[in-house]
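What follows is the residue order along each chain.
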Amino acid sequence: MTDLVLGLDTFGDVPEDDSGTLVSQPVAIRQVVEEAVLADELGVDVIALGEHHRPEYSISTPETVLAGIAGRTSRIRLASGVTVLSSDDPVRVFQRFATVDALSRGRAEVILGRGSFTESFPLFGYDLSDYDVLFEEKLDLFVKLLDERPVTWSGTTRPALTGADVFPKTESGRLSTWVGVGGSPESVVRTARHGLPLMLAIIGGQPERFAPYIDLYRRATEQLGTVAHPVGMHSPGFVAETDEQAKELFYPHYKVQRDRIGALRGWPPLRRAEFDAEVAHGSLYVGAPETVARKIARAVRALGVGRFDLVYTVGAQPVSSRMRAVELFGAKVAPMVRDLVTES
């Protein structure tokens, strides 16, 4: 699998500086840009930025930050991870990413999703009771926009379009577009129906649990007569010099974030034993470069995916540790994963 794509993914978590003080959100945004520039220099394939509307995250408009990164990089692909299409307008999303595509000379990718958080719905005036229909209709419109021809469309979630031509066009004629899925069979089949690539968010448990979803995607594309693209996956993790250093840098901040989310979703507080078990056997890729590389390679082989993105920030890990994690991923982890997968 020599064409394996390896990327980094972040929500722009607000980090600590080296004195242990949280930086401001503007500083956090600029820090993400610096990490993306370093990743580009090291040959990382993709940087993906997630959309959130919460105080612990700095990125609410991934495409704006990606445009800033475009001007300072030359080869790395620039993706969202994800863009919450349900609470946005498909025409504007297309226009913004087509603009990033122009600025980056064809490196833009949009990963569309419903989002695992719901803050954007009341913020932009959408009713959560329309959660499913919003994504279904807006994805249908977005797929029509990808043909870059005048669009006629009608639905219940936005005004109809009649012969509407949308600008700018892309130089390639097709904006690279994925659908991010958290594990719903209905979402997998929807992605297959539209003939789009599938990006699986695997954030807990053994990655092999998701093999049936990949099989479902491939069977659905075959039955529907669409294209089965290489499947991608993204999972959280952290890289440091040693396994113990990685765990000690990552765990305290990860626990704060995990427990904050858990309080909203009815999860019990994270225990250290649970964390250690997830690192050893689940979907946390935390450790020294070789440890992380071997674990990524096992997951890639087990699921047969064509892309792996490491969510390298979960919580307020210090700025210097984050930069080192990016450096180790690009310089050591990614080359080792390629070697391991090629050998198998």
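Shown above is the structure to which this text applies.
All figures in this text were calculated on a predicted structure; none of them were measured in a lab.

### Section: the overall build of the chain
Within the chain, the regular secondary structure consists of 11 helices and 12 strands. The C-alpha radius of gyration computed for the chain amounts to 19 Å, which stays within 12% of the reference 20 Å derived for 344 residues, consistent with globular compactness. If one aligns the C-alpha atoms of the chain with their principal axes, the spans along those axes are about 60 × 45 × 45 Å. Looking at the chain as a whole, 55% of its 344 residues qualify as buried. Within the chain, contacts between residues separated by at least 24 positions form 73% of all contacts whose residues are at least 6 apart in sequence.

### Observations regarding the pairing of strand β3 (residues 77-80)
Looking along a regular strand, one sees side chains alternate from face to face of the sheet. Across four bridges, the pairing between strand β2 (residues 46-49) and β3 is parallel. Bridge pairing in β3 links Leu49 to Ser80. Taking the sense of rotation as the criterion, the β-α-β connection linking β2, helix α2 (residues 62-70) and β3 turns out right-handed. As paired elements, β3 and strand β5 (residues 108-113) share two bridges and run parallel to each other. If you follow Leu78 over to β5, its bridge partner there is Ala108.

### Quick word on the pairing of strand β8 (residues 176-181)
Looking at chain direction, β5 and β8 are connected through four bridges and run parallel. Note on β8: the bridge partner recorded for Ile111 is Trp178. With three bridges connecting them, β8 and strand β9 (residues 198-201) associate as parallel partners. By the bridge assignment, Gly180 is partnered in β9 with Met199.

### Examining the packing of aromatic side chains
The geometry of an aromatic ring pair is captured by two quantities: the separation of the ring centres and the angle between the planes. Taken as a whole and assessed by the stated rule, the structure comprises 11 aromatic pairs. Their ring planes at 75° and their centres at 6.3 Å tell us that Tyr57 and Phe117 sit as a pair that is edge-to-face. Of the two residues, Tyr57 sits in the loop between β2 and α2 while Phe117 sits in the loop between β5 and α4 (120-123), which places them 60 residues apart along the sequence. On the basis of relative accessibility, which here comes to 4%, the residue Tyr57 falls in the buried class. Phe117 gets classed as buried once you look at its relative accessible area, which sits at 12%.

### Section: the environment of Thr118
Following the sequence through the fold, Thr118 ends up in the loop between β5 and α4. Note on Thr118: relative accessible area 34%, which makes it partly exposed. For the pair Thr118 and Ser87, spaced 31 residues apart in sequence, the C-alpha separation works out to 9.2 Å.

### Remarks on the pattern of salt bridges
In total, this model carries 28 salt bridges according to the counting rule given. For the salt bridge of Glu136 with Arg193, the shortest nitrogen-to-oxygen distance reads 2.6 Å. Of this pair, Glu136 sits in helix α5 (residues 131-145) while Arg193 is found in helix α6 (residues 185-193), placing the two residues 57 residues apart along the sequence. The class for Glu136 is partly exposed, based on a relative accessible area of 28%. Given a relative accessible area of 39%, Arg193 falls into the partly exposed group. Three or more residues joined by partner-sharing salt bridges are found here, namely Arg77, Glu109, Arg307 and Asp309.

### Some remarks on the side chain of Glu16
Relative to the assigned elements, Glu16 resides in the loop between β1 (5-10) and α1 (25-42). Lacking a salt bridge, the buried Glu16 has Arg260 as its closest oppositely charged neighbour, with an N-O distance of 9.7 Å. When residues no more than four places from it in sequence are discounted, the contact partners of Glu16 are Thr21, Leu22, Val23, His253, Ala316, Gln317, Pro318 and Val319.

### Concerning the environment of Asp18
Within the secondary structure, Asp18 sits in the loop between β1 and α1. On a C-alpha basis, the gap between Asp18 and Ser321 in space is 9.0 Å, while along the polypeptide they are 303 residues apart. If near-sequence neighbours (up to four positions away) are discounted, Asp18 is found in contact with Pro318 and Ser320. Polar contacts involving the side chain of Asp18 include one to the side chain of Ser320, which spans 2.8 Å.

Calculation rules
Residue numbers restart at each chain and count upward from 1, following the sequence in its written direction. Owing to the predicted nature of the model, reporting of local features is limited to residues with pLDDT of at least 70; listing and counting of side-chain atom pairs is limited to 80 or more, with chain, interface and lining totals taken over all residues. Derived side-chain values reflect all non-hydrogen atoms in the structure, with water molecules and hydrogen atoms excluded from consideration. In this description a helix means any DSSP run of H or I spanning at least four residues, a strand means any run of E spanning at least two, and both kinds are numbered starting from the N terminus. For this measure, only C-alpha atoms enter the radius of gyration; the expected value for a globule follows 2.2 Å times N^0.38, where N is the number of residues. For every residue, the accessible area obtained with a 1.4 Å probe (protein chains only) is divided by the maximum for its type, and the residue is called buried under 20%, exposed over 50%, and partly exposed between those limits. Should any heavy atoms of two residues lie within 4.5 Å, those residues are considered in contact. Note: two strands are recorded as paired if DSSP finds a minimum of 2 bridges between them. Looking down the strands as they point away from the viewer, one classifies a crossover as right-handed if the path from the first strand across the helix to the second runs clockwise. Any pair of Phe, Tyr and Trp rings, taking the six-membered ring for Trp, is counted once the centres come within 6.5 Å. Such a pair is stacked with planes under 30 degrees apart, edge-to-face with planes over 60 apart, and tilted for the rest. Any Lys or Arg side-chain nitrogen found within 4 Å of a carboxyl oxygen on Asp or Glu counts as a salt bridge. His is not counted, nor are the chain ends; Lys and Arg add positive charge and Asp and Glu add negative charge. Residues adjacent in sequence count toward polar contacts only when both atoms are side-chain atoms; beyond that, a polar contact is any pair of N or O atoms within 3.5 Å, and within protein one must be able to donate a hydrogen and the other to accept it.

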